[in-house]
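# Summary of the model geometry
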Amino acid sequence: MPPPGRSRVKATPGWQVRANVARGGGAGLAYVRNFAGVRHWEQAGIASMYLRDRAPAPLQVRLNLPFAQALITATDLDTGESHDFTASGQGTLDLGTNDHDWVLVWQEEAVE
């Protein structure tokens with residue numbers, strides 16, 4: 001297990017990450033969203049809100065998982081495409097430059 005306060009998943013600038021990890025850390029998921037700031041939007045007399053801006057940015061995800069190898073599925077929430085990876089539990093995934101939102105699901109790779 002990583003020391004308290006250390007994230008299981010971190011992303012490069014231009015991205016925000018929120019992760020949920022199973023007890024023991026053997027599996028988890030993370031929502032990774034592109035973030036380029038917020039702007040105010042208003043429809044006079046009807047609605048007012050803040051909207052998230054998106055802008056293409058390189059997406060590299062640094063893993064801090066408590067095992068040697070991970071099976072990871074990265075799903076692009078904008079296109080619906082999924083990509084499967086095997087990566088070091090302390091490795092980095094490169095998902096290219098884009099402005100999409102992603103879900104990462106991981107589990108420990110079984111050792112035979």
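The paragraphs below set out a description of the structure included in this document.

Reading the values: the criteria
Residues numbered from 1 in each chain as written. Predicted model: local features only at pLDDT ≥ 70, side-chain atom pairs only at ≥ 80, totals over all residues. Heavy atoms only, no water. Salt bridge = Lys/Arg side-chain N within 4 Å of Asp/Glu carboxyl O. Helix = DSSP H or I, 4+ residues; strand = E, 2+ residues; numbered from the N terminus. Buried < 20%, exposed > 50% of the residue type's maximum accessible area, 1.4 Å probe, protein only. Pairing = 2+ DSSP bridges. Axes fitted to C-alpha atoms, helices over the stretch in contact; angles between N-to-C directions.

### Description of the pattern of salt bridges
What the rule picks out here adds up to 4 salt bridges. The residue Arg 39 makes a salt bridge to Asp 53 at a minimum N-O spacing of 2.5 Å. Remark: Asp 53 occurs in the loop between strand E5 (47-52) and strand E6 (57-63) and Arg 39 occurs in strand E4 (residues 38-43); sequence separation between them is 14 residues. On the basis of relative accessibility, which here comes to 41%, the residue Arg 39 falls in the partly exposed class. Using a relative accessible area of 22% as the deciding quantity, one classes Asp 53 as partly exposed. A salt bridge links Arg 54 to Asp 101; the nearest nitrogen and oxygen atoms lie 3.8 Å apart. In this pair, Arg 54 is assigned in the loop between E5 and E6 and Asp 101 in the loop between strand E9 (92-98) and strand E10 (102-108), connecting sequence segments 47 residues apart.

### A word on the sheet that holds strand E8 (residues 82-88)
In sheet architecture, strand pairing relies on hydrogen bonds along the backbone and comes in two forms, parallel and antiparallel. Ordered in space as E2-E3-E10-E7-E8, the 5 strands form an open sheet in which the pairing is antiparallel. One side of each edge strand has no neighbouring strand; the edge strands of this open sheet are strand E2 (15-21) and E8. Going across the sheet, the axis of each strand differs from the next one's by a mean of 20°, ignoring polarity. For strand E7 (residues 69-76) and E10, the ladder comprises 7 bridges, and the chain directions are antiparallel. Looking across to E10, one finds that Asp 76 is bridged to Trp 102.

By themselves these figures say nothing about function.
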